[in-house]
Amino acid sequence: MRKTTLILLLAATAIGLGGCTGNRQQTTENGQEPTDYIAALQIDMLEEDSLDAKYATELLATGTVAPDFALPTLAGDTLRLADFSGQWLVLDFWASWCPDCRKDLPTVLRLYETYNARGIAFAAISFDTDREAWQRATTDFGIPYPQGSELRKFHDTDIAAAYGVKWIPSLYLIAPDGRVALGTVLSDRLERVLQQVAE
C-alpha cells in the first residue's frame, strides 16, 4: 500500500511540475496566448526534384528565430531585422552579378507591388562587392525597398553564414514574431504563402 501511494504521489508530482520543463503555455501581457503566425500557414511539401530540394537545404528551418543583423545601406543608413519587428517581412538575398537574381527580380518586384500595399514589408540583402554595380542595378530595376550589404564576397559574409544561404536568389518570409515562416529559392513558392498571409 505504501509503495502504491508513493508511486502515485511521485506521478502526481511529476505531472504537477510539468511546467518546469519549459513546456508551459506562455501568455502575452494581457493574459492571452501569443499568436502562432506560422501554424495556420499551408506550406507545400517539397518535391524531390525541386530547386529547393537541391539549393535550399541549408536555409533556416521554419520556426527558427531569424538572426538579427545590422548592414549598411546605399543611403548610408543601417538596415536591421529588428526594424521590422511585428511585421511580416520578405527578405530577398540577391546580387547584381547573378543572372538568376536578375531573371527573378521582376517577379519579386511584382510581389512587392502586390503585397507591400497589404502590409507586408520587403527588404533585400545584396551580395555585391562593388557598390557602384549594386547602385546601378538598384536604379535600373527600380528597387524601392531597403537593402543592406557587407560588400564582401558572397561566401565570406556573416549574413550568408547566419541564414544558411548557399545559392541566390534565396528568399525568406519572416513572421511578425521574428521566426522563419519560409525559406526558399522559389519565388512562386513564396507567392503561394504570401497569398495566405494577405487573406
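Quick note: structure is the one above.
Report on the accompanying structure. These numbers come from a predicted model, not from an experiment. (Residues numbered from 1 in each chain as written. Predicted model: local features only at pLDDT ≥ 70, side-chain atom pairs only at ≥ 80, totals over all residues. Heavy atoms only, no water.)

This part takes up the overall build of the protein. Scanning the protein from N- to C-terminus turns up 6 helices and 7 strands. Scanning the protein from its N terminus toward the C terminus, one meets helices and strands in the order α-α-β-β-β-α-β-α-β-α-β-β-α. Taking all 199 residues of the protein together, the buried fraction comes to 41%. In the structure as shown, the protein presents an accessible area of about 11,500 Å², 52% of it carried by carbon and sulfur atoms. (Helix = DSSP H or I, 4+ residues; strand = E, 2+ residues; numbered from the N terminus. Buried < 20%, exposed > 50% of the residue type's maximum accessible area, 1.4 Å probe, protein only. Areas by Shrake-Rupley, 256 points an atom, 1.4 Å probe, with all protein chains shown as cover.)

Here 5 strands make up an open sheet; going across it, the order is E5-E4-E3-E6-E7 and the pairing mixed. One side of each edge strand has no neighbouring strand; the edge strands of this open sheet are strand E5 (147-149) and strand E7 (180-184). Averaged over all pairs of adjacent strands, the angle between their axes in this sheet comes to 20 degrees, without regard to strand direction. Looking at chain direction, strand E3 (residues 89-94) and strand E6 (residues 170-174) are connected through 5 bridges and run antiparallel. (Pairing = 2+ DSSP bridges. Axes fitted to C-alpha atoms, helices over the stretch in contact; angles between N-to-C directions.)

With omega at 0 degrees, the peptide bond leading from Ile 168 into Pro 169 counts as cis. Within the fold, Pro 169 resides in the loop between helix H5 (158-163) and E6.

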